[in-house]
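Read off the chains here:
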Amino acid sequence: MASTAAGKQRIPKVAKVKNKAPAEVQITAEQLLREAKERELELLPPPPQQKITDEEELNDYKLRKRKTFEDNIRKNRTVISNWIKYAQWEESLKEIQRARSIYERALDVDYRNVTLWLKYAEMEMKNRQVNHARNIWDRAITTLPRVNQFWYKYTYMEEMLGNVAGARQVFERWMEWQPEEQSWHSYINFELRYKENWIKYARFEEKHSYFAHARKVFERAVEFFGEEHMNEHLYVAFAKFEENQKEANPHNYDAWFDYLRLVESDADPDVVREVYERAIANVPPIQEKRHWKRYIYLWINYALYEELEAKDPERTRQVYQACVELIPHKKFTFAKMWLLYAQFEIRQKNLQLARRALGTSIGKCPKNKLFKGYIELELQLREFDRCRKLYEKFLEFAPENCTSWIKFAELETILGDIDRARAIYELAIGQPRLDMPEVLWKSYIDFEIEQEEYENTRNLYRRLLQRTQHVKVWISFAQFELSAGKDDSLTRCRQVYEEANKTMRNCEEKEERLMLLESWRNFEEEFGTESNKERVEKLMPEKVKKRRKLQAEDGSDAGWEEYYDYIFPEDAANQPNLKLLAMAKLWKKQQDDNAERDSDKDVDESSP
């Protein structure tokens, strides 16, 4: 009966597909997998609540949970949120050491992640691990000093702990990076909150007989707050301190400045002059410029007071002349003082004395700033012959100064003397030593282009290429030929690229060679034919990853490092090993193509 029933069982027919055309909406394999995953999540019931009753179950739970976190990290190390969740979970179990280890591993993966540093430090602060938190903040501001949030958090923590000196130290480190304006306001507001601490600090030093340190504290306070935020309590405390010492340092020029500001506000000119004379009488005992920098401003302020407040030009002239006679010009000078004196004489419409002052300065102590100031004066007066003479003396003094050569040539160009400008450029590029030769050559080339002297420009490029084979010179040469606007500009440009490529085959800097080929390829894509494009494309190198051995400074083995190298087809054709490798790759590609074709053929034959 069973066999009969089986024999009578009907076999279902396979439905034939009449329309074999592809559907309008195609469903990809990725879409099917995604939908299956979503439905799986919908059908899965929530995990049952687990009650842990003993230590063994707790350890088992921790082990499973850690394995889950580690698996998530192993799947994608760059997802920092997985690391943070892992560390926070360990923190919730009071496993602070494990949490630290996780944060440190995460920082090895992505030390630029701001959130990671913040969470790490917040964990230490939350658990009252102050020294650990300080260490993290120090590392954060050292690694990422431009992230203001780290500095704000660090200073806030120190201030909340009552460590005002530590907070001030952090602010000082922050200000060295020249941050944005709001950061400076935060520092100022911090000091305004703790203004009394300056006085306490100074009194502490005074109490322990460290009088020099106490004076420095007051001086720092005066310098920091300035006139805008200084109040009378600090001034009074400073004055009482000096009164108790019954002495004052006559070479403390900042104290003189403060004294003079007070005197100028409500005293008659004779009293002010007396104080200025007493102040400038304290000449620095050492003839080093750094000791004179603050002192010289006493003279400047004195001269400005006589000119602007007392309105006595003759006394102003005497102040300037006395100052320039006092400065030891054989050892150092102050160009600012000479220029201020000359500008004063110009305001008095005494051009002869202004020229005499600047001429004396150049004769006694030539400096770049003095030459530039004198030339600027004569330019404003349209005395171009004098400017030429000054430029000649300037370049005799500093022949390596490319900026001066360029400015001199530009002056002659503006005046329409093209031959003189060209002669100046020729003298300039012939100097044995120049501070910015690339800027000078570019200026000379731009000058010839502006004059539409294209043959001169080509000669300049050729002369420059005899000195340097830098890739940027070749690319600039090619772009010049392209922009020359002649009928054969494309051909000339292509010839430059051809010549550059041949010349740079022996170049050790493969990145420069690649840069040249990329520039050439961009040119051909815009202006070239298909054959031109294919030719350049065949010259492009293959990027390969290599390893090389490292050595420490003492010659010991320091491991290996990976780096990228470029293999150019022209080089590979001349090296048998590289040629054999290329042939092997080609053979492997052909085998893969044949296997793919055979697979497609089998599928077609098996289809109904």
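Predicted, not measured: the structure shown is a model, and the values here were computed from it. (Residues numbered from 1 in each chain as written. Predicted model: local features only at pLDDT ≥ 70, side-chain atom pairs only at ≥ 80, totals over all residues. Heavy atoms only, no water.)

Thoughts on unusual backbone geometry
Glycine aside, the phi torsion of most residues is negative, and most peptide linkages are trans. The cut-off we apply is this: Under the DSSP-based scheme used, a helix requires at least four consecutive residues in state H or I and a strand at least two consecutive residues in state E, with every element numbered from the N terminus. Think of it in three bands: residues with accessible area under 20% of the maximum for their type are buried, residues over 50% are exposed, and the middle band is partly exposed, with areas taken using a 1.4 Å probe on protein chains only.
If you check the backbone angles, Gln178 has positive phi at about 50 degrees while not being a glycine. Checked against the element boundaries, Gln178 lands in the loop between α9 (164–175) and α10 (181–193). Judged by its relative accessible area of 57%, Gln178 is exposed. Residues other than glycine seldom take positive phi values, yet Lys311 does so here, at roughly 55 degrees. Here Lys311 shows up in the loop between α17 (296–309) and α18 (313–326). On the accessibility criterion, Lys311 (63% relative accessible area) is exposed.

Considering the packing of helix α5 (residues 96–109) against helix α6 (residues 114–126)
Stated precisely, the cut-off is as follows: For every element, the axis is a line fit to its C-alpha atoms; helices are fit only across the contacting stretch, and the angle between N-to-C directions ranges from 0 to 180 degrees. Oblique is the label for any angle not covered by the other classes, which are roughly parallel (under 35 degrees), roughly antiparallel (over 145) and roughly perpendicular (65 to 115). Left-handed describes a crossing whose near helix is turned anticlockwise from the far helix through less than a right angle; right-handed describes the clockwise counterpart. Note on definitions: a residue-residue contact is assigned when non-hydrogen atoms from the two residues lie within 4.5 Å. Note on residue categories: nonpolar means Ala, Val, Leu, Ile, Met, Phe, Trp, Tyr, Cys or Pro, charged means Asp, Glu, Lys or Arg, and polar means any other residue, Gly included.
Look at α5 against α6: their axes get within 10 Å of each other, and the N-to-C directions meet at 165 degrees. Taken together, α5 and α6 sit at an angle that is classed as roughly antiparallel. When you trace α5 past α6, the crossing you get is left-handed. Residues Ile96, Ala99, Arg100, Tyr103, Glu104, Ala106 and Leu107 of α5 touch α6, and the partners they reach there are Leu116, Trp117, Lys119, Tyr120, Met123 and Glu124. Tallied by class, the residues present in the contact of α5 with α6 amount to nine nonpolar, no polar and four charged.

Section: the pattern of salt bridges
Pairing between side chains of opposite charge can happen when their charged atoms approach one another. Counted only if it meets this: Basic side-chain nitrogens of Lys or Arg form a salt bridge, by our definition, when they fall within 4 Å of a carboxyl oxygen of Asp or Glu.
Evaluation of the coordinates by the stated rule reveals 39 salt bridges. Linking Glu90 and Arg66 is a salt bridge whose minimum nitrogen-to-oxygen distance equals 2.7 Å. Taken together, the positions of Glu90 in helix α4 (residues 80–92) and Arg66 in helix α3 (residues 55–75) put the pair 24 residues apart, joining distant regions of the chain. A relative accessible area of 1% places Glu90 in the buried class. Overall, Arg66 belongs to the buried group, its relative accessible area being 14%. The salt bridge involving Arg74 is made with Asp71; its shortest N-O contact spans 2.7 Å. Highlighted residues: Arg74 and Asp71, both in helix α3, separated by three residues, approximately one helical turn. Judged by relative accessible area, which is 59%, Arg74 ranks as exposed.

Here's the deal with the nonpolar core
Worth spelling out the cut-off: Nonpolar cores are built from buried Ala, Val, Leu, Ile, Met, Phe, Trp, Tyr and Cys residues. Side-chain atoms within 4.5 Å join them into one set.
Counting residues in each nonpolar core, the largest one holds 92 residues, and the members touching the most others are Ile296, Leu298, Trp299, Met337, Leu440 and Leu516. Dropping the residues within four chain positions of it, Ile296 is found in contact with Cys323, Ile327, Phe334 and Met337. Membership of the second largest hydrophobic core comes to 38 residues, among which are Ala106, Leu118, Val170 and Trp174.

Things to note about the environment of Glu448
Positionally, Glu448 belongs in helix α25 (residues 437–450). Separated by twelve residues in sequence, Glu448 and Leu460 place their C-alpha atoms 9.0 Å apart.

Side note on the packing of helix α27 (residues 471–483) against helix α29 (residues 510–527)
Think of two packed helices as two axes; the pair is described by the angle between the axes and how far apart they sit. Between α27 and α29, the least distance of the axes is 9 Å, while the angle of their chain directions is 15 degrees. Our classification of the angle between α27 and α29 gives roughly parallel. Considering the relative orientation of α27 and α29, their crossing is right-handed. Across from Val471, Trp474, Ile475 and Leu482 in α27, the residues of α29 making contact are Glu512, Met515, Leu516, Ser519, Phe523 and Phe527. Within the contact of α27 with α29, the residues separate by chemical class into eight nonpolar, one polar and one charged.

Let's talk about the confidence of the model for the protein
The condition that has to hold: As a per-residue quantity, pLDDT reports the predictor's confidence and falls between 0 and 100.
Residues at a pLDDT of 70 or more form 82% of the protein, whose mean pLDDT is 80. Considering only residues more than four positions removed or in separate chains, one finds that residues 1–7, a stretch of pLDDT under 50, has zero contacts.

Details of the packing of aromatic side chains
Rules: Working definition: rings of Phe, Tyr and Trp (its six-membered ring) pair if their centres are within 6.5 Å, and the pair is stacked with planes under 30 degrees apart, edge-to-face with planes over 60 apart, and tilted otherwise.
This structure, assessed with the given rule, holds 29 aromatic pairs. Here the aromatic rings of Tyr391 and Phe408 are separated by 4.9 Å at their centres, their planes lie at 10 degrees, and the arrangement is stacked. Placement of Tyr391 in helix α22 (residues 384–397) and of Phe408 in helix α23 (residues 402–414) is noted, with a sequence separation of 17 residues between them. Where Tyr425 meets Tyr444, the ring centres are 4.8 Å apart and the plane angle is 5 degrees; that geometry is what we call stacked. Placement of the pair is Tyr425 in helix α24 (residues 418–429) and Tyr444 in helix α25, with a sequence separation of 19 residues. Look at Tyr425 and you get buried, because its relative accessible area is 3%. Note on Tyr444: relative accessible area 2%, which makes it buried.

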